[in-house]
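# Architecture and fold: a report
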Amino acid sequence: MGGLDGFPDEGYVPNQNCEASDVEFDDDPDQYVMVPLEKLGKGYFDEDVGKLKDGINLQTKTYYSSVPRSADTSALTVPADHPLRAIAKVLEEAPPESTIRVYAYVWTCKYAIDLLLHYAAQYDLKIILNYDDRDRVEAAAKSLASGGAGKTYSVNRISAFLDHTDDNHSYAMFALTGCRVVDVTGSWISGSSMHEKCIITETKTVVGSYNLSYFARCKNYESVHVVDTVTKQCQDFDALWESLGDRDITQVYPNSFSDQVVRTRNMTKRKFREPVADEKKRRYQL
């Protein structure tokens, strides 16, 4: 079993074909403070996550770094000038109702999941996620569910987060989140990965070594830079996104999410295709 907030037990051997520093165990989901229904789409599942952006000034500082340290007891213990705080500030300063584009090698940090889902209601949030072998993902989920050890894959962590926060409509928030998985199954591309770690708004881009993972947040040496977004970044992302039209995360991993998650996601997609004159209303229509 894993220790407090993701620390692995002694003697754990990472799975092959993954970065050893990205091997994680589930941390405690009961730390989450639920958002009142009247704040849905305006608040966070963990209210402290909303304070990550505090104290960050992107006009005076564009480089953010972190070093190995003890596990966080809450989002409030994430150090000042930490990469996750820079990400939070860049997201907060994104132009209203614009597109937020994310390349993610992993998406397992509970604060990062919470942070991105927060913006799904009011922004066009699109995440391109690395592919993990489906059989390994399902085997790891079964092992963890039975009290055993195993790698925490992005899909399993996202699914667990949604199930633990479903009382506050996390399924609906996830349904508004575009999330597609890269295809690395072809013979010529086998063994490749979505190794890019990048968050792109219409005005700013966060780029660097930082994964959206617990190990990146607490255990690794990491750094990011905040730079101005260039048009080519958005064009390249959009081209890849369009090529992954049949690679929605729930299609690639059909056995990893509850029926309610899939049903809510499919219903929301259908309504998105209905013609609505006002674009803002179309985006929020459920």
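Attention in this report is confined to the structure presented alongside it. (Residues numbered from 1 in each chain as written. Predicted model: local features only at pLDDT ≥ 70, side-chain atom pairs only at ≥ 80, totals over all residues. Heavy atoms only, no water.)

### Quick notes on the overall build of the chain
Scanning the chain from terminus to terminus reveals ten helices and seven strands. A total of 286 residues make up the chain; the buried ones form 51% of that total. Of all intrachain contacts in the chain linking residues separated by at least 6 positions in sequence, the fraction that spans at least 24 positions is 74%. Approximately 13100 Å² of the chain is accessible, and the part contributed by carbon and sulfur atoms is 50%. (Helix = DSSP H or I, 4+ residues; strand = E, 2+ residues; numbered from the N terminus. Buried < 20%, exposed > 50% of the residue type's maximum accessible area, 1.4 Å probe, protein only. Contact = heavy atoms within 4.5 Å. Areas by Shrake-Rupley, 256 points an atom, 1.4 Å probe, with all protein chains shown as cover.)

### Focus on the packing of aromatic side chains
Counted by the stated rule, this structure contains seven aromatic pairs. Geometrically, the ring pair formed by Phe45 and Phe161 is edge-to-face, given 5.5 Å between the ring centres and 85 degrees between the ring planes. Taken together, the positions of Phe45 in the segment before β1 (63-66) and Phe161 in helix α4 (residues 154-164) put the pair 116 residues apart, joining distant regions of the chain. By the burial criterion, Phe45 is buried, and Phe161 matches it. Geometrically, the ring pair formed by Tyr131 and Tyr253 is stacked, given 6.1 Å between the ring centres and 15 degrees between the ring planes. Here Tyr131, found in the loop between β3 (124-129) and α3 (134-145), pairs with Tyr253, found in the loop between α8 (249-252) and α9 (259-272); they are 122 residues apart in sequence, far enough to count as distant. Pairwise contacts between aromatic rings join Tyr103, Phe237 and Trp241 into one cluster. One Lys or Arg, Lys61, reaches over the ring of Tyr64 and ends 5.3 Å from the middle of that ring. (Phe/Tyr/Trp six-rings, centres within 6.5 Å; stacked < 30°, edge-to-face > 60°. Lys NZ or Arg CZ within 6 Å of the ring centre and 35° of its normal.)

### Regarding the sheet that holds β3
Taken together, the seven strands give an open sheet; going across it, the order is β1-β7-β6-β5-β2-β3-β4, and neighbouring strands pair in mixed fashion. Where the open sheet ends on each side, the last strands, each with one partner, are β1 and β4 (178-181). When the angles between neighbouring strand axes are averaged without regard to direction, this sheet yields 15 degrees. Taken together, the three bridges between strand β5 (residues 198-200) and strand β6 (residues 204-208) define a ladder with antiparallel strand orientation. Directly across from Cys198, in β6, lies its bridge partner Val207. (Pairing = 2+ DSSP bridges. Axes fitted to C-alpha atoms, helices over the stretch in contact; angles between N-to-C directions.)

### Some words on helix α7 (residues 231-243)
For α7, built from 13 residues, the straight-helix expectation of 18 Å at 1.5 Å per residue is met to within 8% by its first-to-last C-alpha distance of 19 Å. Cys234, Phe237 and Trp241 are the residues of α7 that are buried. Summarising the axial view, the buried residues of α7 lie within an arc of 70 degrees, below the 170-degree limit, and thus occupy one face. Residues Thr231, Lys232 and Glu242 are exposed on α7 and point more than 90 degrees away from its buried face. Among the structural elements, β2 (99-104), β3, β4 and β5 are those in contact with the buried residues of α7. (Expected span 1.5 Å × (residues − 1). Arc of directions from axis to C-beta.)

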